[in-house]
Amino acid sequence: MTSLLFAQLGTPHRIQTPSVAWSGLLPVLVLLGGAVVLMVVGALLPRRSRHSWHLWLTLLIAAGSIGCAVPLWFRVRDHGPLSILRDAVRVDGLALFLGIVIVVGVMLAALLTDGYLRREELEGPEPYVLLMLSATGGLLMASANDLIVMFLGLEILSLAVYVLAGLHVRRLRSGEAAMKYFVLGGFSSAFFLYGIALAYGATGSTNLTDIQRFLATNTLTNNGLLLASFALLLVGFGFKVAAAPFHSWAPDVYEGSPSPVVSFMASAVKAAAFAGLIRVFVYAFALDRHDWQPIVYVVAVLTLLVGSVLAVVQTNVKRMLAYSSINHAGFVLVGVQAASDRGVRSALFYLATYTFMVAGSFGVVTIVGRRGDNRHQLDDYKGLARTEPLLAFAFLVFLLAQAGVPFTSGLWAKFYVIGAAVEARSFWLALVAMLSTVISAFLYLRIVLAMYGGADEADEAAPAVPRLRIPFAARIALVVSVVATIGFGLVPGPLTHASKTAVPKIAAGK
Amino acid sequence: MVPIIVFVVAAAICVAGALGVVLNRNPVHSALSLVATLFGVAVLFIAQDAQFLAAVQVIVYAGAIVVLFLFVIMLLGVDRAENLESEPLTGQRPAALVAGLLIGGGLIAVLVASTITGKHSSGAKVDPAQANVNQIGRLLFTDHLWAFEITSVLLVIAVVGAVVLARRGAPGSGADAVDAGIPADDFGEPASPDTVPPNDVEETVR
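Rules of the game
- Residues numbered from 1 in each chain as written.
- Chains lettered and ligands numbered in written order.
- Predicted model: local features only at pLDDT ≥ 70, side-chain atom pairs only at ≥ 80, totals over all residues.
- Heavy atoms only, no water.
- Helix = DSSP H or I, 4+ residues; strand = E, 2+ residues; numbered from the N terminus.
- Rg over C-alpha atoms; globule rule 2.2 N^0.38 Å.
- Buried < 20%, exposed > 50% of the residue type's maximum accessible area, 1.4 Å probe, protein only.
- Contact = heavy atoms within 4.5 Å.
- Areas by Shrake-Rupley, 256 points an atom, 1.4 Å probe, with all protein chains shown as cover.
- Expected span 1.5 Å × (residues − 1).
- Polar contact = N/O pair within 3.5 Å; in protein donor to acceptor, adjacent residues only side chain to side chain.
- Axes fitted to C-alpha atoms, helices over the stretch in contact; angles between N-to-C directions.
- Parallel < 35°, antiparallel > 145°, perpendicular 65-115°, else oblique.
- Left-handed = near helix turned anticlockwise from the far one by under 90°.
- Nonpolar A, V, L, I, M, F, W, Y, C, P; charged D, E, K, R; others polar.
- Core = buried A, V, L, I, M, F, W, Y, C linked by side-chain atoms within 4.5 Å.
- Domains from an automatic or database assignment.
- Salt bridge = Lys/Arg side-chain N within 4 Å of Asp/Glu carboxyl O.

### Topic: the overall build of chain A
Helix and strand counts for chain A come out as 21 helices and two strands. Relative to the compact-globule value of 24 Å for 510 residues, chain A shows a C-alpha radius of gyration of 23 Å, a close match. Across its three principal directions, the C-alpha atoms of chain A cover 85 × 60 × 40 Å. With 510 residues in all, chain A has 63% of them scored as buried. Sequence-distant contacts, at least 24 apart, represent 81% of the contacts inside chain A between residues at least 6 apart. Accessible area of chain A: about 18,700 Å², with a carbon and sulfur share of 68%.

Structure (structure tokens):
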């Protein structure tokens, strides 16, 4: 029977399927498998209970993923990067560094989610499952060495976050945010995909190593296709990191989405998108950097200015922080624009420290938002220092760190990025970056003044508002973030060393 | 001669189907016209030696996606008349006309300028000696194995997302469950309605 079938089809072709180095994929697989296990176990556990089973399981799985990444880190450092599955995956320092940053973002967001779900009377393991699946997409992006894998990682990352944005099903604005994010995000994905198609048309491959090799050994007589693909790919990445002409979704979506989800959006999603941006542009298109650097230059300037200037006129703290996160994306772009080892290193440092700052900030916002997640006006922060001195102090630390005040990690992050820009002789860009810091410092000080000033008015308002309850898990997240922000501010050495180890040499670029 | 006849017939089906999608008043007829267009495109794919794409076009687009459209149309109600005169976005009709003319003009300009050579791309590595279904299958299980596998994660997200978004206001969830044995203290603040300011309630949709 089978021989007859083969006679019909012709001789069967034997395919050599690639052998897989599973150990290199472990961080991704643990997170992905963990999400599926949590979904199954979550069906057996009570949907709501006194004990936060879902949270602790999530933390355990995330810690397991980091635990798998750490031995890989040392292996990669000593023996060079791993290339897995026909070079579709490249496990190197960059992938592991940002992978760990993304998973830390998941842990912090999960800690905030627990109290939020209880307060808002939502339930179930699904938010945690989606957080982990989204982070899986982030890890896939960070380690992708193929544009198709990069696109799938981006989609996995985004789709889960679209659902998370609409998590609060009884809140209209949450659904609105999800809808807005979904429609605009789908649009930007289409741009990204078109960019991939054009890059394939120009170079004949979607594999980043092959693209790099092709561009190094061939001269394109007509590089219109390649330039168009640069522009389209940049739209896709720019949307995800909320860089300036593509930022307009960010304030609305941040305002409407559940606050713990926003902390994930601003930390892990940004880190993943920057991982992709650095991989594609700084490494694969290293030789053509004189073509893309000016575009990134302009985008960075716009992002810095839009993020800082528009933040000042806001009265809603969540929107302020949304604009400030746009501003921070601009800073990371300054590092990317340098297209040097030092630039990438500073971008990695920035993303790692910003994860703690922003997760902490939105942690405070989650708590102050109270039931309904609606109290985000500047007035709601009046007199916070008197009623909740520790919470106000934590917020103070995060805000000062975002402003780049000494003894916080924010200072070093900004310092390294601007140093890289100066080294790349982008003096004007460095100047704009410093100017935007000054403008946005005004915004952070406004929130600080609201918290520490205005005691008289708060006295009258005080009886109407019950005391804030800070859930235990959120306390852990805040303490960890404060310790990391001040710790890396006082002792930045270990993190700078790690980011130095993480960055592979740009072989073709020099 | 044969290729030209095939092209003309398939192109006529495509264009007729596309016109049917736009001009039919009944949405079900529009969706069915779309099937005709997709079939025409599938025939054009076969004429271009892209058998795999042709099969996918029929199975996925004509088969699955149009059926999904029909489901949605049926669920929303076929008989509900839409007022086509009012424009939700002012000026979208003239804008669509201008955009259509521009794109059409661009296509004609490309044809007239004869920048189309009809040669195979120097980048794409298609082996004319082998059927392209074999080549695609080979690539899926070798070079693009990882991409092929991780697509499944998207399906997992789709399932979980559907569960999360569909549970809107189901009995036993939300505020109804507060009384079921868990002290209100666990939820950060007392759940009694008088402590919730009125502007918070406005946001609550039940």
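### Comments concerning the overall build of chain B
Of regular secondary structure, chain B possesses seven helices and zero strands. Here chain B, with 206 residues, has 23% of them falling under the buried criterion. Partitioning the intrachain contacts of chain B with sequence separation of at least 6 by distance along the chain shows that 49% fall at a separation of at least 24. With an accessible surface of roughly 14,100 Å², chain B has 71% of that area assigned to carbon and sulfur atoms.

### So, helix 2 (residues 27-47) of chain B
Residue and element names in this part refer to chain B. The end-to-end C-alpha distance of helix 2 is 31 Å, a good match for the 30 Å that 21 residues give at a rise of 1.5 Å each. Turning to helix 2, its buried residues number three or more, namely Val 28, Ser 30, Ala 31, Ser 33, Val 35, Thr 37, Leu 38, Gly 40 and Ala 42. Those residues of helix 2 that are buried lie in contact with helix 1 (2-23) and helix 3 (51-76). With a side-chain oxygen lying 2.9 Å from the backbone nitrogen of Val 28, the N-terminal cap of helix 2 falls on Asn 26. Positioned one or two residues after helix 2, Asp 49 has a phi angle of 65°, which is positive.

### What to know about the packing of helix 8 (residues 208-217) of chain A against helix 11 (residues 259-284) of chain A
Residue and element names in this part refer to chain A. Helix 11 packs onto helix 8 with a crossing angle of 20° between their chain directions and a minimal axis gap of 10 Å. By the criterion of interaxial angle, the relationship of helix 8 to helix 11 is roughly parallel. Considering how the two elements wind past one another, helix 8 and helix 11 form a crossing that is right-handed. Here helix 8 contributes Leu 208, Gln 212 and Leu 215 to the contact with helix 11, which in turn contributes Arg 279, Val 280, Tyr 283 and Ala 284. A per-class count over the contact of helix 8 with helix 11 returns five nonpolar, one polar and one charged.

### As for the nonpolar core
Counting residues in each nonpolar core, the largest one holds 195 residues, and the members touching the most others are Phe 97, Phe 281, Phe 285 and Phe 395 of chain A. Contact partners of Phe 395 of chain A, with chain neighbours within four places excluded, come to Val 317, Leu 321, Ser 361, Val 364, Val 365, Tyr 381, Ile 447 and Met 451 of chain A. Val 28, Ala 31, Val 35 and Val 66 of chain B belong to the second largest nonpolar core, which has eight residues in total.

### So, the domain arrangement of chain B
Assigned domains of chain B: these are domain 1 (1-82) and domain 2 (130-168). If you average the C-alpha positions of domain 1 of chain B and of domain 2 of chain B, the two centres end up 24 Å apart.

### Remarks on the environment of Ala 430 of chain A
Examined against the element boundaries, Ala 430 of chain A turns out to sit in helix 18 (residues 427-452). Apart from the residues lying within four places of it in its own chain, the contact partners of Ala 430 of chain A are Ile 418, Ala 421 and Val 422 of chain A.

### Observations concerning the pattern of salt bridges
Residue and element names in this part refer to chain A. According to the stated counting rule, one finds 15 salt bridges over all chains in the structure shown. The salt bridge partner of Asp 252 is Arg 319, with a shortest N-O separation of 3.0 Å. Separated by 67 residues along the polypeptide, Asp 252 in helix 10 (residues 249-256) and Arg 319 in helix 13 (residues 317-338) bring together distant segments of the chain. Judged by its relative accessible area of 26%, Asp 252 falls in the partly exposed class. Of the residues examined, Arg 319 reaches a relative accessible area of 18% and is grouped as buried. Residues joined in a network through salt bridges with shared partners are Glu 176, Lys 180, Asp 252, Glu 255 and Arg 319.

### Here we look at the packing of helix 2 (residues 22-44) of chain A against helix 3 (residues 53-79) of chain A
Residues and elements named next belong to chain A. As a packed pair, helix 2 and helix 3 sit with axes 8 Å apart at the nearest point and diverge in direction by 170°. It follows that helix 2 is roughly antiparallel to helix 3 by the angle criterion. Of the residues in helix 3, those touching helix 2 at Ser 23, Gly 24, Leu 26, Pro 27, Val 30, Leu 31, Gly 34, Leu 38, Val 41 and Gly 42 are His 54, Leu 57, Thr 58, Ile 61, Ala 62, Gly 64, Ser 65, Cys 68, Ala 69, Leu 72 and Arg 75. Broken down by class, the residue content of the contact of helix 2 with helix 3 amounts to twelve nonpolar, eight polar and one charged.

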